[in-house]
Each structure stands twice: as C-alpha cells, then as structure tokens.
Amino acid sequence: MLEQIRIAAAEGLKLPRDVVLGEVLISFVGRCSVTIENYRGILIYDDKTIKLQARHCKLQIYGRRLHIDYYNHDEMKITGQIQGMEFGD
Amino acid sequence: MRYYRGYLRVALTGFSPERFLNLCMANQIIIWNLRYREQGYEFCITLSDYRRIRPLARKAGVHLKLKGRYGLPFFLHRNRYRKWYAVGVACFFLILFVMSRFIWNISLEGNYRFTDDMLLHYLDTRQVRYGSPKHQIDCDLLEESIRSQYPEILWVSARISGTRLLIKVKENEVIGAMPTKEDAPRDLVAEKGGTITEILVRQGRCMVKKGDVVEAGSLLVSGRIPILNDAEEEVGCRYVRADADIRLRTSQSFRESIPRLVTEKAYTKQVRHGIRLRMFHYDLICLLPGSAETQWEITEESHQAVLLGDFYLPVWWSRITAREYGTYQRIRRPDELDALKEQINNAKIQNLMQKGVQIIENNVKILDKSTHWVVQGDFILEEPVGVGQNIKQEEEQEQPDERNGNHN
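My aim in this report is to walk through the structure given alongside it, one point at a time. (Residues numbered from 1 in each chain as written. Chains lettered and ligands numbered in written order. Predicted model: local features only at pLDDT ≥ 70, side-chain atom pairs only at ≥ 80, totals over all residues. Heavy atoms only, no water.)

## What about the interface of chain B and chain A?
And step 1. At the junction of the two partners, chain B supplies 14 residues and chain A supplies 16 residues.
And step 2. On the chain B side of the interface with chain A, the three residues burying the most area are Met25(B), Leu34(B) and Tyr36(B), jointly 41% of the side's total.
And step 3. One can count zero salt bridges joining chain B with chain A.
And step 4. Taken together, the connections running from chain B to chain A amount to nine residue pairs in polar contact (both at pLDDT 80 or more).
And step 5. Those elements that provide at least two residues to the side of chain B that touches chain A are α2 (17-26) and β2 (31-36) of chain B.
And step 6. Among the elements that take part in the side of chain B that touches chain A, β2(B) stands out by supplying six residues, more than any other.
And step 7. Bridge count for strand β5 (residues 58-71) of chain A against β2(B) is three bridges, and the pairing is antiparallel. When the bridges of β2(B) are listed, Tyr71(A) appears paired with Ile31(B). (Contact = heavy atoms within 4.5 Å. Buried area = accessible area lost by both parts, 1.4 Å probe. Salt bridge = Lys/Arg side-chain N within 4 Å of Asp/Glu carboxyl O. Polar contact = N/O pair within 3.5 Å; in protein donor to acceptor, adjacent residues only side chain to side chain. Helix = DSSP H or I, 4+ residues; strand = E, 2+ residues; numbered from the N terminus. Pairing = 2+ DSSP bridges.)

Listed below in structure tokens is the structure:
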C-alpha cells in the first residue's frame with residue numbers, strides 16, 4: 001500500500017524515482033566505467049561478473065578484468081572492459 | 001590524505017568473501033581498489049578501519065593477510081634509524097623556509113619607455129634588489145617612490161607573491177606634458193633656408209610671402225605691430241605673440257658609404273655543449289674543452305629554478321651551446337647592395353616622416369668608387385618651419401588720440 005502511494009506520488013509529482021522509490025541508478029562512462037547508486041549488496045564478484053542486489057531487482061555486469069575501484073553504502077564504481085549488463089528478479 | 005594517515009593492502013580468502021564485503025559496507029568501512037585474484041581478493045583499507053574489520057572477518061569466516069603497508073606512518077617507521085636522512089630532510093625544509101624570506105625574482109610589466117634596466121637600477125637605489133629581505137620591502141612606499149621618481153608613470157602596483165616581487169606600471173601614453181600657454185611676445189624665424197610654399201598667419205605681421213626664398217634665421221612673422229597714423233607714419237607699436245603655419249620647400253641630401261667587402265661567418269660542424277649553474281654569485285660552468293685557436297659562437301639559455309608557482313630560488317641553470325666558426329671576406333653581391341640601398345633609404349624616409357615632413361621628390365643612387373660604394377640620396381621636402389624668438393620688448397608707444405586730445 002505504502003509502496004503504491006510512493007509510486008503514485010513519484011509519477012504525479014514527477015519526482016525522481018531513484019530518490020522516492022530507491023530505484024537503482026546506473027551511469028556508464030563509455031564501456032570501461034560504470035557507477036551504480038542505490039544498490040543493497042554484493043552477491044557475486046569475480047573478474048568476469050559482478051552481481052549486485054538492488055531494491056527491486058538484481059543486476060549483473062559482465063566483462064573482462066572487472067574490478068571495484070571503490071564502494072560504500074551508497075555507491076560503487078566498477079572499471080574494466082564491460083561487455084554487458086542484465087537485470088534479474 | 002590516505003597517504004598521510006597510512007593504509008594497508010590486504011588479501012582476503014575464505015568461503016564467503018561477498019558476505020564480508022557486505023558487512024564492511026553495512027559498518028561504513030571504506031574499501032577501495034578491490035581486485036579479484038585466483039586465490040581470493042585484494043583490497044586497500046585505512047589503518048584505523050583495519051582494526052575494525054577483524055570481528056567482521058571472523059563472522060564471515062574469511063581470512064585476512066597483510067600484503068603491504070603504505071603511507072607516511074609506515075615510511076617514518078621504516079626509516080626510524082636513518083637519523084642523517086631525517087636531518088637532511090629537515091635541513092632541506094629549513095633552507096626552503098629561509099629562502100622564502102627573501103626576494104629572488106623581480107618581474108616588471110607594462111613598462112615601454114622606461115626599460116627594465118632603468119627601473120631595476122632605481123629599485124637598487126631603494127635597496128630593493130635580488131636577495132633583499134621581504135619584510136624590508138614596503139610595497140605602498142615603493143609604489144609612491146616610483147610614481148614620484150617617474151612622473152610619466154601614471155599607475156604602479158607592487159606586490160610580493162612567494163619570493164617574487166611583481167611590479168606593474170602604466171605609463172602615460174600621451175608623449176610630453178601639456179603645453180602651457182605662453183603670452184610673451186615673439187617673432188617667428190626660419191630655422192633653415194628654403195622656399196615658402198604656404199603661409200597662414202594667425203597673429204603678427206607677415207614679413208614674407210609665398211614663393212619667397214628665405215635663409216636660416218630670416219624673420220618670417222614679426223610680433224611687433226606698428227601703429228600708423230593717417231599719414232602712414234609710425235606713431236607707436238604693439239607687441240604680440242606671432243603665430244602662423246608656414247611650410248617651406250627645402251632640399252636635403254645624404255651620403256653613406258658601403259664597404260665593398262663583407263665579412264661572413266662560416267660555421268664548421270663542431271659544436272660543444274655544456275651547462276652552467278649559478279647559485280647566488282657563484283658560477284659553475286661545465287663545457288667540453290675546444291681548440292683555443294678557433295673562434296666559437298657561444299649561446300646560452302638561462303632558467304631560474306622555480307618551486308611551485310611564484311616560489312623562485314636563487315639558482316639559475318643554463319644550457320650552453322658553442323658553435324665553431326671561421327670568418328672570411330667576400331665581395332657584396334648586386335642584389336645585396338640594392339637591398340642595403342633600399343634599407344638605408346627607407347630608414348631615412350621613416351625618420352623624415354616621423355618629423356611630419358612631406359617628401360616631394362626622392363632620388364637615390366649608388367656611386368661606384370674603387371674601394372667602396374656610396375649611396376647618395378637627394379630629397380626635396382616640404383616641412384613646417386618657424387621657431388619662436390622672444391622680442392626684447394620696448395615700451396609700447398601710442399600717438400595721442402586726436403579726437404579727444406588725451407595724452408598718454
């Protein structure tokens with residue numbers, strides 16, 4: 001119920017969904033760097049795959065020589081040769 | 001900042017490293033440069049955070065192993081027995097501190113009429129020079145003194161930045177001072193001889209007319225105005241300041257000799273390189289030795305040592321290049337002679353134009369003498385003429401007014 005009110009408020013007031021609903025925010029810089037905000041935790045990490053848990057979904061980044069430049073409670077920066085990204089439930 | 005506080009490179013192995021990473025995130029522990037390795041992971045962590053992750057590692061069932069220690073605390077710890085090293089570093093900073101108390105560079109901007117040498121010489125007389133202590137320099141006082149010494153400088157800004165004294169000046173672009181109005185009676189006389197081509201008298205009595213030939217010193221416009229009676233007899237006079245625009249046609253010629261032989265330098269392929277190091281007043285020159293019998297052209301490119309922006313140091317280094325050459329004489333080619341003639345002629349024309357002279361005719365020729373050439377030029381010019389000559393004023397006389405019978 002509360003979630004539905006939030007969705008309605010975000011759509012009605014045109015508020016950003018990442019702020020109101022905590023949706024994951026992904027910013028790519030070319031194919032060698034990506035910054036992910038609003039994630040919840042790390043599920044899998046190796047040099048070819050990084051799988052993260054977001055609020056409403058899971059997201060998986062594929063590539064080569066992937067490494068995490070830094071991460072904290074809000075934000076994570078991944079660099080390497082990114083080949084793709086996939087969302088999952 | 002991380003370097004100053006110190007940080008560690010840690011290897012992480014175990015059953016559930018992701019859980020450990022999530023625990024770190026939840027506990028606000030900053031981890032960076034996280035890399036995947038065959039045996040596990042490696043990451044960087046600050047020294048203070050490393051002490052906090054031990055319980056988390058136990059909880060997640062992972063093992064931590066130190067791979068490296070980086071940063072200032074570890075550097076100091078590693079070098080704790082190297083006393084002379086520390087003394088050297090301390091001396092370095094002490095010397096830097098002492099150097100920073102003096103002026104090691106003076107920069108002048110905006111000066112065109114007053115050369116750098118002139119201004120530096122003046123600053124030297126005010127005890128402002130390379131090596132002067134900064135606390136002795138009062139910028140406001142210096143600005144005032146420069147302005148009073150050089151009235152043509154309208155605006156001065158002096159400031160000290162680092163070990164550099166920056167002086168910016170703004171010169172008066174109007175050449176010369178404002179002319180003061182003079183009322184003293186005068187005549188206008190010719191400063192050189194020629195033919196009058198134009199005359200317009202504003203004040204005074206015209207003594208010549210267009211087409212007259214005048215000599216140097218001839219009276220052109222008289223400042224003495226005679227007062228005549230009805231019988232055309234002079235009964236008195238009045239003195240005025242003669243003022244007129246007079247143009248004179250004159251001729252001018254010049255002769256300049258050009259030697260037939262010209263000395264040329266022929267460079268051999270011998271080049272010597274070296275460096276010169278100057279500290280305070282001491283010079284150290286390192287230049288490869290060369291033959292003393294031959295001639296060398298030495299060029300030097302000098303640089304002053306700068307540490308961070310305006311922090312100049314009293315150390316100069318130069319790169320020296322010495323090129324060997326020999327001299328020989330050859331006869332000047334006709335095209336070179338023509339170019340030189342044009343150059344001389346243009347310089348003369350430029351000089352005349354600057355004086356406001358109009359060139360009516362210009363004939364330049366080259367005379368071939370046996371030992372040299374002579375460039376001879378004849379100009380016919382039209383130029384303004386007339387210089388003021390003060391009149392020794394007698395008492396102004398005036399005939400008694402016949403109508404009212406007054407006698408002065």
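The rest of the description comes next.
## Observations regarding unusual backbone geometry
Residues and elements named next belong to chain B.
And step 1. Despite not being glycine, Gln 28 shows a phi value in the positive range, around 60°.
And step 2. With respect to the helices, strands and loops of the structure, Gln 28 is situated in the loop between α2 and β2.
And step 3. Residue classification places Gln 28 among the exposed positions, given a relative accessible area of 53%.
And step 4. Residues other than glycine seldom take positive phi values, yet Gln 127 does so here, at roughly 65°.
And step 5. Tracing the backbone shows Gln 127 in the loop between α7 (116-125) and α8 (139-149).
And step 6. Overall, the relative accessible area of 48% leaves Gln 127 in the partly exposed class. (Buried < 20%, exposed > 50% of the residue type's maximum accessible area, 1.4 Å probe, protein only.)

## Considering the pairing of strand β1 (residues 7-14) of chain B
All names here are of chain B.
And step 1. Pairing analysis gives six bridges linking β1 to strand β3 (residues 41-46), with the strands arranged antiparallel. Looking at β3, one finds that Ala 11 is bridged to Glu 42.
And step 2. Relative to strand β4 (residues 62-70), β1 runs antiparallel, the two sharing eight bridges. Within β4, the position partnered with Tyr 7 by the bridge is Tyr 70.

## Topic: the packing of aromatic side chains
Residue and element names in this part refer to chain B.
And step 1. In this structure the tally under the stated criterion is 15 aromatic pairs over all chains.
And step 2. Considering the side-chain rings of Phe 114 and Tyr 150, the 4.7 Å spacing of their centres and the 50° angle between planes classify their relative orientation as tilted. With Phe 114 in the loop between β5 (105-109) and α7 and Tyr 150 in the loop between α8 and β6 (153-161), this pair connects stretches of sequence that are 36 residues apart.
And step 3. Phe 114 sits in the buried class, given a relative accessible area of 8%. (Phe/Tyr/Trp six-rings, centres within 6.5 Å; stacked < 30°, edge-to-face > 60°.)

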